[in-house]
Amino acid sequence: MKFKLRELARKDLNIINSWRNDKDLISYLGANYRYIDLEIDVAWFDNYLKERNRTVRCSIVDESDTIIGLISLTNIDYINSSAELHIMIGNMANREKGIGQFAIQEILNHAFNNLNLHKVELQVLCTNKRAIHVYEKVGFKQDGILRDACFKNGEYLDMIVMSILKDEFSLKKEGLYE
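The structure reproduced in this document is the subject of the present report. These numbers come from a predicted model, not from an experiment. (Residues numbered from 1 in each chain as written. Predicted model: local features only at pLDDT ≥ 70, side-chain atom pairs only at ≥ 80, totals over all residues. Heavy atoms only, no water.)

## Section: helix α4 (residues 99–113)
Quick reminder: α-helices carry 3.6 residues per turn. Residues three or four places apart thus point the same way.
Working step 1: The end-to-end C-alpha distance of α4 is 21 Å, a good match for the 21 Å that 15 residues give at a rise of 1.5 Å each.
Working step 2: Taken together, the buried positions of α4 are I99, G100, A103, I104, I107, L108, A111 and F112. (Helix = DSSP H or I, 4+ residues; strand = E, 2+ residues; numbered from the N terminus. Expected span 1.5 Å × (residues − 1). Buried < 20%, exposed > 50% of the residue type's maximum accessible area, 1.4 Å probe, protein only.)

This is the structure in structure tokens:
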């Protein structure tokens, strides 16, 4: 199965809304679970269209253009040449297939080679070991820990802050950096 990134489209919103209302999926993410009406996601999409100069939102799709996940660069700061990365693979059946690693590498290539960014950072729940492993495999390094930063399922969890610099990504891509 081959995958690609394409810009988020209005036609993706029904599926994304179902993911954002999936308690199990949200339990892996830094976001808190909330009931989200489709109209809220439509407004979120409309806001994205107005903020495209500071945000890149891509759907991760298969060969038949079926959406599998969502990956974004947000808070793009052109003065400091940085952005924040967010990713979500929607269906449990699509996890552990290399889709996330593919999407992260693609969006980092875009960030560093098209947008001329210097640094991409992210936050990940300390309990999401699979995601941490993928981020490290791609070349992200841990910058620090935000203690008790996220309240999930009745407890506070730490968030790990990670980042990758353009030269680290280039060296990792060439196989010169471990």
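## Some remarks on the nonpolar core
Working step 1: Counting 38 residues, the largest nonpolar core has L73 and Y135 as the members making the most contacts within it.
Working step 2: The set of elements that each furnish at least two residues to this core consists of β2 (56–62), β3 (67–77), β4 (82–89), α4, β5 (119–125), α5 (129–138) and β7 (155–165).
Working step 3: For this core, the element with the highest residue contribution is α4, accounting for seven residues.
Working step 4: Counting 14 residues, the second largest nonpolar core, distinct from the first, contains L8, L25, W44 and F45. (Core = buried A, V, L, I, M, F, W, Y, C linked by side-chain atoms within 4.5 Å.)

## Considering the packing of aromatic side chains
Working step 1: Per the counting criterion, the structure on display carries six aromatic pairs.
Working step 2: With a centroid separation of 6.3 Å and 45° between ring planes, the pair formed by F3 and F102 is classed as tilted. With F3 in strand β1 (residues 3–7) and F102 in helix α4, this pair connects stretches of sequence that are 99 residues apart.
Working step 3: Given the relative accessible area of 18%, F3 is considered buried.
Working step 4: A relative accessible area of 22% means that F102 is categorised as partly exposed. (Phe/Tyr/Trp six-rings, centres within 6.5 Å; stacked < 30°, edge-to-face > 60°.)

## Thoughts on the sheet that holds β3
Working step 1: If you walk across this open sheet you meet the seven strands as β1-β2-β3-β4-β5-β7-β6, and the pairing is mixed. What marks the edges here is a single partner per strand, and that holds for β1 and β6 (141–152). Put simply, the sheet's adjacent strands are angled 25° from each other on average, direction ignored.
Working step 2: In this sheet, β2 lies alongside β1 in antiparallel orientation, the contact comprising five bridges. For K4, the partnering residue across the bridge sits in β2 and is V61.
Working step 3: Sitting on the sheet, α4 touches β1, β2, β3, β4, β5 and β7, and the angle it makes with β1 is about 50°. (Pairing = 2+ DSSP bridges. Axes fitted to C-alpha atoms, helices over the stretch in contact; angles between N-to-C directions. Contact = heavy atoms within 4.5 Å.)

## Digging into the pairing of β6
Working step 1: Bridging between β6 and β7 involves eight bridges; their strand directions are antiparallel. Looking at β7, one finds that F151 is bridged to Y156.

## Overview of the environment of M162
Working step 1: By secondary structure assignment, the location of M162 is in strand β7.
Working step 2: In this structure the C-alpha to C-alpha distance between M162 and C58, which are 104 residues apart in sequence, comes to 21 Å.
Working step 3: Residues within four places of M162 in sequence aside, it is in contact with V120, E121, L122, V124, I132, Y135, E136, F140, K141, Q142 and D143.

## Quick look at helix α1 (residues 13–20)
Working step 1: Of the residues making up α1, those classed as buried are L13, I16, N17, W19 and R20. Taken around the axis of α1, the buried residues stretch over an arc of 160°, which confines them to a single face.
Working step 2: Packed against the buried residues of α1 are α2 (23–26), α3 (38–50), β3 and β4. (Arc of directions from axis to C-beta.)

## Concerning the pattern of salt bridges
Working step 1: For the structure shown, the criterion picks out seven salt bridges.
Working step 2: Residue D12 is joined to R6 by a salt bridge in which the shortest nitrogen-to-oxygen separation is 2.9 Å.
Working step 3: One salt bridge connects K119 with E121, and the closest N-O pair in it is separated by 3.8 Å.
Working step 4: Owing to a relative accessible area of 26%, K119 belongs among the partly exposed residues under this scheme.
Working step 5: On the accessibility criterion, E121 (27% relative accessible area) is partly exposed. (Salt bridge = Lys/Arg side-chain N within 4 Å of Asp/Glu carboxyl O.)

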